[in-house]
Amino acid sequence: SYRGDIAEIDHSLIQLGLIKGYLGEVVDEYVSFVNAKSIFEKKGIDITEAQDPSFSSYRSALKIWIHGANGQTLTLGGTLFDDKHPRLTLVNDYFFEAVPEGQFLVVENEDRKGVVGAVGTYLASADINIDSFELSRNKQGGKALSLIKVDGAIDKTLILALEKISHVTTAKSIVL
């Protein structure tokens, strides 16, 4: 969904960039701007676009819904500040203004006292330095999601240990 001012322009390059970026992560063959749409169609993946020019939270924003084969959905939103500073502004129902670059831990937890401290303490004990920490909650006492940019590599052992922290429901590692 193209929102705000961006809703009024040609979206073909944005769509092509999204398709190429996605395929570059999930297929083994070489993906170029020339063959990306063809590969996308052969995979049976559909893309639907919509415009929302009345959106006013940001001058322009992009919102993406990704639907999996098993009914799961991931919603991502982003914007560009001053035409040069990209920000990840939405992950599912959580709002952020995170710089979308680097190694991240994505930690979902119950919104309870001490969880952020426990996560930070564990990362310090594992010799993982935090570059930035973005926290959002859907409501007080509900769920919270953290985007934690870290300096070091994340392994499966670290993820499993984070998930054992009281009130942490999931932990994942992503590279943007």
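What you see is a predicted model, and the numbers here were worked out from it, not measured in a lab.

Draft legend 1. Seen up close, the packing of helix H3 (residues 115-125) against helix H4 (residues 156-163). It is at 11 Å that the axes of H3 and H4 come closest, and there the two elements cross at 150 degrees. In terms of orientation, H3 and H4 fall into the roughly antiparallel class. Crossing hand, H3 versus H4: right-handed. On H4, the residues touching Val 119, Tyr 122 and Leu 123 of H3 are Leu 158, Ala 161 and Leu 162. A breakdown of the residues in the contact of H3 with H4 according to their chemical character gives six nonpolar, no polar and no charged.

Draft legend 2. Structural detail: the pairing of strand E8 (residues 130-137). Bridge count for E8 against strand E9 (residues 143-150) is seven bridges, and the pairing is antiparallel. Each residue of the ladder has a partner; that of Leu 135, found in E9, is Ser 146. In textbook terms, the turn of a hairpin is the stretch between consecutive antiparallel strands, and for E8 and E9 this stretch comprises five residues, one of which, Gly 141, has a positive phi near 80 degrees.

Draft legend 3. Up close: the side chain of Thr 79. Note that Thr 79 resides in strand E4 (residues 73-81). What makes Thr 79 buried here is its relative accessible area of 9%. In terms of polar contacts, Thr 79 uses its side chain to reach the backbone carbonyl oxygen of Ser 60, at 2.5 Å. Contact partners of Thr 79, with chain neighbours within four places excluded, come to Tyr 58, Ser 60, Ala 61, His 85, Pro 86, Arg 87 and Thr 89.

Draft legend 4. Up close: the nonpolar core. Core analysis: the largest hydrophobic core is formed by 15 residues, its most contacted members being Leu 105, Val 107, Val 119, Leu 123, Ile 148, Leu 158 and Leu 162. Elements that contribute at least two residues to this core include exactly strand E7 (103-110), H3, E9, H4 and strand E10 (168-175). In this structure Leu 105 touches Leu 123, Ser 146, Leu 147, Ile 148, Val 150, Ile 154, Leu 158, Ile 159, Leu 162 and Lys 172, once residues within four positions along its chain are discounted.

Draft legend 5. Quick peek at unusual backbone geometry. Of note in the backbone geometry, Asn 92 takes a positive phi value of approximately 50 degrees without being a glycine. Here Asn 92 is to be found in the loop between strand E5 (85-91) and strand E6 (94-98). A positive phi angle is found at His 167, which is not glycine, with a value near 80 degrees. On the secondary structure map, His 167 appears in the loop between H4 and E10. The class of His 167 is partly exposed, set by a relative accessible area of 33%.

Draft legend 6. Representation of the sheet that holds E10. Pairing is antiparallel in the open sheet, where four strands are placed in the order E8-E9-E7-E10. On the outer flanks of this sheet lie E8 and E10, each paired with one strand and no other. Across this sheet, the average inter-strand angle for adjacent strands is 15 degrees, counted without regard to direction.

Definitions and limits used
Residues numbered from 1 in each chain as written. Predicted model: local features only at pLDDT ≥ 70, side-chain atom pairs only at ≥ 80, totals over all residues. Heavy atoms only, no water. Axes fitted to C-alpha atoms, helices over the stretch in contact; angles between N-to-C directions. Helix = DSSP H or I, 4+ residues; strand = E, 2+ residues; numbered from the N terminus. Parallel < 35°, antiparallel > 145°, perpendicular 65-115°, else oblique. Left-handed = near helix turned anticlockwise from the far one by under 90°. Contact = heavy atoms within 4.5 Å. Nonpolar A, V, L, I, M, F, W, Y, C, P; charged D, E, K, R; others polar. Pairing = 2+ DSSP bridges. Buried < 20%, exposed > 50% of the residue type's maximum accessible area, 1.4 Å probe, protein only. Polar contact = N/O pair within 3.5 Å; in protein donor to acceptor, adjacent residues only side chain to side chain. Core = buried A, V, L, I, M, F, W, Y, C linked by side-chain atoms within 4.5 Å.

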